[in-house]
Amino acid sequence: MAVTGTGVVRRVLDAAVELFAQQGFDATSVQEVVERAQVTKGAMYHYFRSKDDLLYEIYHELISVQLAGLERIQAVREPAPRELRALITDLVVTTAAQLGAATVSARELHRLAGDKSAALRAQRRRYHEAVRELVERGQRDGEFTDTVSAQTVTLMVFGIVNQLPQWYRPDGPTTPRELADEIAGFVLAGLGASAPGPQDVGEESDADR
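Residues numbered from 1 in each chain as written. Predicted model: local features only at pLDDT ≥ 70, side-chain atom pairs only at ≥ 80, totals over all residues. Heavy atoms only, no water.

It is worth spelling out the environment of Thr89 at this point. Examined against the element boundaries, Thr89 turns out to sit in helix α5 (residues 80-97). For Thr89 and Leu179, which are 90 residues apart along the polypeptide, the C-alpha to C-alpha distance reads 8.5 Å. (Helix = DSSP H or I, 4+ residues; strand = E, 2+ residues; numbered from the N terminus.)

Now the structure itself:
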């Protein structure tokens, strides 16, 4: 059955994620991707000029979702502990939802160069800076202890999130939301903050629905 438009894009990206995660970027050929996606090479090349384009789009898709979450949470402008919990929760849940893409991004992204690499680094840096500035705000306002620098806290948060694809299993006993609550609670405890409730910033409560 022929697949057109965004259907081709989705099939090709899903196939690329599976193959890059299973056998690596270098070991995967374009032919393998199109066979897994059940499309023609011509259909793939209509949307993607190369394997590099596939790798770029895999990470761009993930970080775009996470940046949208960042903007939604920042718009509410909650106290720092509550906002940090919401950011960590969103990062963990979105990463767990796209473990394949996160695995490929962590392992293969260094293969990109030039404008594509610079664009993705800028997106990632934007999120890192947002977390660092949030921790700094909480420290200035006395909501967080300043015994650890905001930069170190930021590196720890993203270090934990970036390692999720190595050990988290969706079929395990802990749901992404439960895991997010545990990680956020751990970070907030380290900052000397009383843990806010589990409801995410920007989400409606049950009473509001």
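As a further point, take the packing of helix α7 (residues 114-140) against helix α8 (residues 150-167). At their nearest, the axes of α7 and α8 sit 9 Å apart, and the two run at 130 degrees to each other. With respect to their mutual orientation, α7 and α8 come out oblique. At the point where α7 passes α8, the crossing takes the right-handed sense. Contacts between α7 and α8 involve Tyr127, His128, Val131, Arg132, Val135, Glu136 and Gln139 from the first element and Ala150, Gln151, Val153, Thr154 and Phe158 from the second. (Axes fitted to C-alpha atoms, helices over the stretch in contact; angles between N-to-C directions. Parallel < 35°, antiparallel > 145°, perpendicular 65-115°, else oblique. Left-handed = near helix turned anticlockwise from the far one by under 90°. Contact = heavy atoms within 4.5 Å.)

Turning our eyes to something else, we now look at the confidence of the model for the protein chain. Looking at the protein chain as a whole, the pLDDT averages 89, with 89% of positions reaching at least 70. Confidence, expressed as mean pLDDT per element, reaches its minimum in the protein chain at helix α6 (residues 99-108) with 91 and its maximum at α5 with 96. A low-confidence stretch, residues 1-5 (pLDDT under 50), is modelled with four contacts involving residues beyond four sequence positions or located in other chains. (pLDDT = per-residue confidence, 0-100.)

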